[in-house]
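# Notes for the structure review
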Amino acid sequence: MEEAKAWGLSNSVQLRPMRVEDIPAICEIEQEAFTTPWTSGAFHNELTHNQFAKYIVLECDGEIAGYGGMWLIMEEAHVTNIAVRSKFRGLKFGERLMREMQRTARLFGAVRMTLEVRPSNIIAQRLYEKLGFYSVGVRRGYYTDNQEDAIIMWAELPDDRAAESVRSQRNGAAAETE
Ligand SMILES: CC(C)(COP(=O)(O)OP(=O)(O)OC[C@H]1O[C@@H](n2cnc3c(N)ncnc32)[C@H](O)[C@@H]1OP(=O)(O)O)[C@@H](O)C(=O)NCCC(=O)NCCS
């Protein structure tokens, strides 16, 4: 955590689509972050064969600090994974990745987003709640490593253009009454 706090505003942070050559670094983060990490083959397949998949990485000073992915199917986005390298946690990188995924999902026409999270993963739940997710139920024994349940969460993805239109209508109405 001390190391993380040493990273400040002077660091350059960039969000971009994940590429095949990122996979070795992504797999290192997977190993750090999850008890049942995805294989490099799984990521390779996602990037090269899954037309529904969108994966992004966050780079800090050229180093991959985190990544996130989702499947975009019609009006729904399903988050498959999100992780931040341990030394970069607590710097809002997870939040930036999630916000970027929400923005991208909206751009591609999704109106809602879903994910699963372990009941024991309070940090991830706090992050999701902050971004508008709420729990709707439980998948019993979802996680194969310890048979832990999964909390199913959903969030609505408001259309920015609709929100902007509502705002301008309100401003127009306010101006007319002045
Ligand atoms: C979950 C994870 C991606 C969060 O990434 P992060 O970059 O450390 O989180 P951020 O700095 O963006 O924090 C955003 C919000 O998450 C929550 N959060 C982050 N760290 C927290 C902590 N230590 N305790 C409680 N809430 C925390 C807070 O709501 C925080 O917002 P706030 O700072 O305004 O309170 C990261 O902890 C991780 O990679 N964990 C391992 C993999 C994982 O569990 N992925 C999710 C699977 S469902």
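Report on the accompanying structure. (Residues numbered from 1 in each chain as written. Predicted model: local features only at pLDDT ≥ 70, side-chain atom pairs only at ≥ 80, totals over all residues.)

In terms of regular secondary structure, the protein chain is built from six helices and seven strands. When the helices and strands of the protein chain are listed from N to C terminus, the series reads α-β-α-α-β-β-β-α-β-α-β-β-α. Relative to its 178 residues, the protein chain shows a buried fraction of 24%. Of all intrachain contacts in the protein chain linking residues separated by at least 6 positions in sequence, the fraction that spans at least 24 positions is 58%. (Helix = DSSP H or I, 4+ residues; strand = E, 2+ residues; numbered from the N terminus. Buried ≥ 20, exposed ≤ 12 C-beta atoms within 10 Å, placed from the backbone. Contact = placed C-beta atoms within 7 Å.)

Before going further, it helps to examine the sheet that holds strand E4 (residues 76-84). Ordered by their spatial adjacency, seven strands build an open sheet running E1-E2-E3-E4-E5-E7-E6, and the pairing between neighbours is mixed. Lying at the two open borders of the sheet, with one neighbouring strand each, are strand E1 (13-17) and strand E6 (134-139). This sheet shows a mean twist of 25° between the axes of neighbouring strands, independent of strand direction. Where strand E3 (residues 63-73) meets E4, eight bridges bridge the pair, whose relative direction is antiparallel. Residue pairing across strands places Gly-69 opposite Asn-81, the latter belonging to E4. Across the sheet, helix H2 (residues 23-33) is in contact with E3 and E4; its angle to E3 comes to roughly 90°. Running over the sheet, helix H4 (residues 93-107) touches E1, strand E2 (53-60), E3, E4 and strand E5 (112-117) and is turned about 30° from E3. (Pairing = 2+ DSSP bridges. Axes fitted to C-alpha atoms, helices over the stretch in contact; angles between N-to-C directions.)

Moving on: the pairing of E1. Counting buried positions over the five residues of E1 gives zero, only a small fraction of the element. In this structure, E1 lies alongside E2, joined through five bridges in antiparallel fashion. Bridge pairing links Gln-14 to Glu-59 in E2.

Glancing now at the nonpolar core. Ranked by size, the top nonpolar core spans 33 residues in total, and within it Tyr-67, Ala-77, Val-79, Phe-93 and Ala-105 carry the most contacts. Elements with a minimum of two residues in this core: H2, E2, E3, E4, H4, E5 and strand E7 (150-156). Setting aside anything within four residues of it in sequence, one finds Val-79 in contact with Gly-68, Met-70, Met-101, Met-113 and Leu-115. (Core = buried A, V, L, I, M, F, W, Y, C linked by C-beta atoms within 7 Å.)

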